[in-house]
Amino acid sequence: MIDLKYLQKNFDEASRKLLKKGVDTQTLENLKELFSNLKEANAKFEETKAEQNKMSKLFGMYMREKKDISELKVQIATKKEEIVELQSRAREANEALERVALSVPNFPDDSVPEGANEDDNIELKKVLEPREFDFRPKEHWELAEINGWIDFERGVKLAKSRFSVLRGESARLERALINFFLDVNRQKGFEEVCVPFINNASMLQGTGQLPKFADDLFKIDGEELYLIPTAEVPLTNLYNDEILTKKELPILLTGYTPCFRKEAGSAGRDTRGMIRQHQFDKVEMVAITTPEQSEEIFEMMVENASDILTQLGLPHRVVQLCDGDLGFSASKTIDLEVWLPGQDKYREISSISNTCDFQARRAKIRYREGKKNLLVHTLNGSALAVGRTLVAIMENYQNEDGSIDIPKVLKKYM
RNA sequence: CGGGAGAUGUCAGAGUGGUCGAAUGUGCCGGUCUUGAAAACCGGUGAGGGUAAUACCUCCGGGAGUUCGAAUCUCCCUCUCCCGGCCA
């Protein structure tokens, strides 16, 4: 959630920033008004409640002193009606505010370039030269068929479309990649954690998936529980509603989880192959930091994800997202795109974001600084998406006969 | 899934209708002492909102109710622990 006090005090600046994230001025005007409504409603309620509290104390005193309480009783009864009314008005004001506020995206960081969509993203650098092929490189699904690596049909049979089955070598490679990623992250100082793959609604709200993106989530029937769309949810919310000490920051976490996404709205995109599945494996990094630390940690996380790709010998490029392409919670995002020779293009394989205090405010994650409790910064990034790495290895390490070599660093994991 | 107990500040644990945001211990922060540390002693220390700062308001798992007044009484829900069943 954005800082509403900031919105109120710097409305023009705030609305200019959020325009880039597709929020119209109308919504922001509305939000500002709802916020001041709430403050007003609260003030009235509190004032009246204070009067009643005083009278109640008096009541007690009169009783003890055996004074006449009949008049006081009438006064209190009148006040009480007023309070009930004011309280429900304050509550409504709060609900009205939350309904809007929880669906307003984060401000882009000042350093983020302007742009309308992904076409305006900025390539910061390329790492490793794509290999020259003396034959037409195949796409991963052709290679999957030749090698018997991916059983798309049976995945669909077991669940539905956009599910698949890895068999034999590919299943082992998937497992090897997970272990490799976790080991690298651990060496960089991330604590490995193993978390529930199902989280409750409150946690999903904490990281920003709810209430706005409910349609993208698999919900457990009859429960307020959801399959996680990313390990970012459980890892970040590990500290939901907690107050940390400054000493324990930064907290660096890494974990492997499958991720579940409905992919509502992406019908027709990447229907072939396993680029876009309802279930995919990912190893995630999450950092909980002070505001001073977050930029440095952010760069470290980008560096780490890029390093993993380099160790695997996968050519990739580092892309800074423009403000128009930023996700809901992100203040700043850098994507890593891996080269897929079969598709003849770069495809996203990691996305690293600093949400600053946006998630911290929702999830109530704070740290103690002297006598004050301040919001932490939260960061997340993939290191890496496992299925897409598998695809990248298949396409980059293919031979003319369709066979696939295994990157050297993975040999000890196979 | 069946039976029993419980949910209070970092934790442990008092509090059973008013002056209780809450004893005490512990932890944490600061200080005295010490070459330094520990021990001992002294002081401070829940969260959110509000204010220039105070006032003031809300919060004792969550919700509804009784009452002038609820941590305390009633109802519902959730969760935890113990016993039994089932089970990796």
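Let me begin by describing the structure that accompanies this report.

What counts, and at which threshold
Residues numbered from 1 in each chain as written. Chains lettered and ligands numbered in written order. Predicted model: local features only at pLDDT ≥ 70, side-chain atom pairs only at ≥ 80, totals over all residues. Heavy atoms only, no water. Helix = DSSP H or I, 4+ residues; strand = E, 2+ residues; numbered from the N terminus. Core = buried A, V, L, I, M, F, W, Y, C linked by side-chain atoms within 4.5 Å. Buried < 20%, exposed > 50% of the residue type's maximum accessible area, 1.4 Å probe, protein only. Contact = heavy atoms within 4.5 Å. Pairing = 2+ DSSP bridges. Axes fitted to C-alpha atoms, helices over the stretch in contact; angles between N-to-C directions. Near = heavy atom within 4 Å. Polar contact = N/O pair within 3.5 Å; in protein donor to acceptor, adjacent residues only side chain to side chain.

The linkage connecting leucine 210 with the following residue, proline 211, adopts the cis geometry, with an omega of 5°. Residue placement: proline 211 occurs in the loop between helix H8 (201-207) and strand E6 (225-227). Here leucine 249 and proline 250 are connected by a cis peptide whose omega angle stands at 0°. The phi angle at leucine 128 is positive, at roughly 70°, despite the residue not being glycine.

Residues Leu177, Phe181, Leu336 and Leu410 are the most contacted members of the largest nonpolar core, which totals 49 residues. Counting residues per element, this core draws most heavily on helix H7 (residues 169-187), at 8 residues. Not counting chain neighbours up to four residues away, the residues in contact with leucine 336 comprise Val302, Ala305, Ser306, Leu309, His316, Arg317, Val318, Arg347, Glu348, Ile349, Ser350 and Ile352. Core analysis: the second largest hydrophobic core is formed by 25 residues, Val23, Leu28, Leu97 and Val104 among them.

A word on the side chain of glutamate 174. Mapped onto the elements, glutamate 174 comes out in helix H7. Setting aside residues up to four positions removed in sequence, glutamate 174 forms contacts with Leu166, Asp281, Val386, Gly387 and Leu390.

All right, on to the sheet that holds strand E13 (residues 365-369) then. Ordered in space as E7-E13-E14, the 3 strands form an open sheet in which the pairing is mixed. Each having just a single partner strand, strand E7 (242-245) and strand E14 (372-375) make up the two edges of the open sheet. Between one strand and the next, the sheet's axes are offset by a mean angle of 40°, whatever the strand orientation.

A word on the protein's contact with RNA strand B. The environment of RNA strand B is made up of 20 residues, and the closest members are Lys49, Asn53, Phe59, Arg64 and Asn373. Here a base nitrogen of RNA strand B sits 3.2 Å away from a polar atom, N or O, in the side chain of glutamate 46. Within the contact set of RNA strand B, a phosphate oxygen lies 3.4 Å away from a side-chain nitrogen or oxygen of arginine 368. Of all the elements in the fold, those that place two or more residues in the surface near RNA strand B are helix H3 (25-65), helix H4 (70-101) and E13. Top element by residues in the surface near RNA strand B is H3. It accounts for 10 residues.

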